[in-house]
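Reading the structure
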Amino acid sequence: MAMLPLRRLLHLLVLLIHCGRPEVASSPTEEGALRGGHGEHGEPGHQEPHKDSYSTFASEFLESRYLPDDGYPFPTAPPVDPFARIKVSDCGVTKGCIRYGKPGCDADTCDYFLSYRRIGTDVEYEMSADTDGWVAVGFSSDKKMGGDDVMGCVHDDNGRVRIHHFYNVGQWAKEIKRNPARDEEGIFENNRVTCRFKRPLYVPREETLVDLHLSWYYLFAWGPAIQGSITRHDIDSPPVSDHMISIYKYEDIFMPSTAYQTFNSPLCLLLIVALTFYLLMGTP
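Before going into details, it helps to say that this report is about the structure given with it.

About the thresholds
Per-chain numbering applies: the sequence of each chain, read as written, is numbered from 1 onward. Under the rules for a predicted model, residues below a pLDDT of 70 receive no local features and side-chain atom pairs below 80 are neither given nor counted, while totals for whole chains, interfaces and linings still include all residues. To get the side-chain values, take all heavy atoms of the structure and skip hydrogens and water. A run of DSSP states H or I qualifies as a helix once it reaches four residues; a run of E qualifies as a strand once it reaches two. Both are numbered from the N-terminal end. Each residue's exposure class comes from its accessible area (1.4 Å probe, protein chains only) as a fraction of the maximum for that residue type: buried when under 20%, exposed when over 50%, partly exposed otherwise. Pairs of residues are marked as contacts when any of their non-hydrogen atoms sit within 4.5 Å. Each accessible area is a Shrake-Rupley estimate made with a 1.4 Å probe; only the visible protein chains count as cover when residues are assessed. To form a nonpolar core, buried Ala, Val, Leu, Ile, Met, Phe, Trp, Tyr and Cys residues must be joined to one another through side-chain atoms within 4.5 Å. Two strands are counted as paired when DSSP detects at least two bridges linking them. For helices, the fitted axis covers only the stretch in contact; all axes are lines through C-alpha atoms, and the angles between them, taken along N-to-C directions, range from 0 to 180 degrees. Polar contacts, as used here, are pairs of N or O atoms within 3.5 Å; protein pairs need one atom able to donate a hydrogen and one able to accept it. Residues neighboring in sequence count only if both atoms are side-chain atoms. Within 6.5 Å between ring centres, the rings of Phe, Tyr and Trp (the latter by its six-membered ring) count as paired, and their orientation is classed by plane angle as stacked under 30 degrees, edge-to-face over 60, tilted in between. Charge over a ring is defined by NZ of Lys or CZ of Arg lying within 6 Å of the ring centre and within 35 degrees of the ring normal. Cysteine sulfur atoms that pair up within 2.5 Å are treated as a disulfide.

Helix and strand content of the protein chain: five helices and 13 strands. Taken over 284 residues, the protein chain has a buried fraction of 32%. Residue pairs at least 24 apart in sequence account for 53% of intrachain contacts in the protein chain once pairs closer than 6 positions are excluded. Accessible surface computed for the protein chain: about 19,300 Å², of which carbon and sulfur atoms make up 59%.

Here we take up the nonpolar core. In a soluble, globular protein the nonpolar side chains are often hidden away together inside. Among the nonpolar cores identified, the biggest contains 31 residues, and Tyr 112, Tyr 125 and Tyr 218 are the most heavily contacted of them. Of all the elements, strand E3 (residues 122-129) adds the most residues to this core, at four residues. Ignoring sequence-local partners within four residues, the contact set of Tyr 218 consists of Ile 98, Leu 114, Tyr 125, Val 137, Gly 138, Phe 139, Pro 239, Val 240, Ser 241, Ile 245 and Ile 247. With seven residues, the next largest nonpolar core counts Ile 86, Cys 91, Cys 110 and Phe 113 among its residues.

What follows is about the sheet that holds strand E7 (residues 172-175). The strand order across the open sheet built from five strands is E7-E6-E5-E4-E10, with neighbouring strands paired in antiparallel fashion. For this open sheet the edge positions go to E7 and strand E10 (217-223), each flanked by a neighbour on one side alone. Within this sheet the neighbouring strands show an average axis-to-axis angle of 30°, counted without direction. The sheet contact formed by strand E5 (residues 149-155) and strand E6 (residues 161-169) spans seven bridges and is antiparallel. Following the sheet pairing, Gly 152 is matched in E6 by His 164.

On to the environment of Ser 237, then. Tracing the backbone shows Ser 237 in the loop between strand E12 (229-230) and strand E13 (252-256). Linking Ser 237 and Met 145, residues 92 residues apart in sequence, is a C-alpha distance of 9.6 Å.

Mapped onto the elements, Trp 134 comes out in strand E4 (residues 134-140). A distance of 2.8 Å separates a polar side-chain atom of Trp 134 from the backbone oxygen of Pro 224.

Turning to the pairing of strand E1 (residues 96-101), a few remarks are in order. Within E1, six of the six residues are buried, leaving the element largely enclosed by the surrounding structure. What you see with E1 is no split at all: Gly 96, Ile 98 and Tyr 100 on one side and Cys 97, Arg 99 and Gly 101 on the other are buried throughout. With five bridges joining them, E1 and E13 adopt parallel strand pairing. Counterpart to Cys 97 in the pairing with E13 is Asp 252.

Per the stated rule, a full pass over the model turns up eight aromatic pairs. Residues Tyr 116 and Tyr 250 carry aromatic rings whose centres are separated by 6.2 Å and whose planes lie at 65° to one another, so their mutual orientation is edge-to-face. Of this pair, Tyr 116 sits in strand E2 (residues 112-119) while Tyr 250 is found in the loop between E12 and E13, placing the two residues 134 residues apart along the sequence. With relative accessibility at 22%, the residue Tyr 250 sits in the partly exposed group. Taken together, the ring pairs in this structure connect Tyr 116, Tyr 125, Phe 139, Phe 197, Tyr 218 and Tyr 250 into an aromatic cluster. Over the ring of Phe 83 we find Arg 196; its NZ or CZ atom is 4.5 Å from the centre of that ring.

Turning next to the state of the cysteines. If you walk through the whole model with that rule in mind, you get three disulfides. Between the sulfur atoms of Cys 91 and its disulfide mate Cys 97 the distance is 2.0 Å. Its S-S torsion of about -80° marks the bond between Cys 91 and Cys 97 as left-handed, since a negative value means left-handed. Of the two residues examined, Cys 91 and Cys 97, each falls in the buried class. Sulfur-sulfur distance for the disulfide between Cys 153 and Cys 195 comes to 1.9 Å. One disulfide, between Cys 153 and Cys 195, carries an S-S torsion of 65° and so falls in the right-handed class. A residue pair is termed long-range when its members are at least 10 positions apart, and Cys 153 in strand E5 and Cys 195 in strand E9 (residues 192-200) qualify at 42 residues. Of the two residues, Cys 153 and Cys 195, neither departs from the other in class, the shared state being buried. In the protein chain, numbering the disulfide-bonded cysteines from first to last in sequence yields the connectivity 1-2, 3-4, 5-6.

Written out as structure tokens, the structure is:
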């Protein structure tokens with residue numbers, strides 16, 4: 001039998017392979033990809049690699065679930081939590097409170113309000129006063145202003161309330177760079193400065209910083225501020241606690257303001273009785 005030429009044998013082999021392959025209709029996309037495999041002059045063109053199913057699913061899921069209408073790929077950050085209101089129902093139970101003003105007032109209506117409570121190795125203070133400037137508490141050993149460690153909340157011109165550390169020099173407060181306050185927050189609302197901060201319970205004793213595990217007389221002051229700097233307090237004789245305050249004893253102390261002290265004093269009551277008696281009896 002004559003041998004087929006090598007060229008014809010190869011041609012038949014190609015035909016057999018082509019006949020054994022099932023015909024599949026190519027889609028327009030595939031045709032475009034095939035055409036795109038060569039450039040205008042027959043050079044090989046760039047062919048996009050096929051994406052795997054996981055990456056395709058992930059991208060479609062991200063776009064459908066997290067891509068908003070404005071085109072940003074991720075949602076905006078949630079807003080900062082608003083200032084938590086001071087709870088007076090906890091006074092004398094889980095924290096100590098001192099109120100100065102009208103009888104029955106609370107943190108939103110007292111002339112001055114202070115609370116304290118222990119949280120681990122810290123003491124948390126809350127302060128509020130009827131002012132648009134600053135509110136402060138001082139820790140004193142003698143009930144007198146001068147040489148005292150003071151923490152103040154100051155309302156600045158940008159509307160923020162910041163915590164500052166002061167040291168009383170006579171009747172004036174000098175700001176100290178070493179500020180023990182942390183976790184500070186504050187708000188100015190309804191013409192009131194309100195703040196909350198923590199301060200370490202135990203600190204190395206020094207002139208401008210006291211140990212809060214000891215008992216101290218508490219000095220209360222508030223007043224106006226100019227460009228974020230405190231000025232003289234509103235009243236000439238700021239109120240002071242009548243006994244030393246211990247952060248280990250949660251008290252609920254009320255101190256009547258000057259207006260209510262006048263009508264509650266024994267001397268005032270005696271004068272009112274005498275004046276009433278004089279008016280009823282008449283003059284001779």
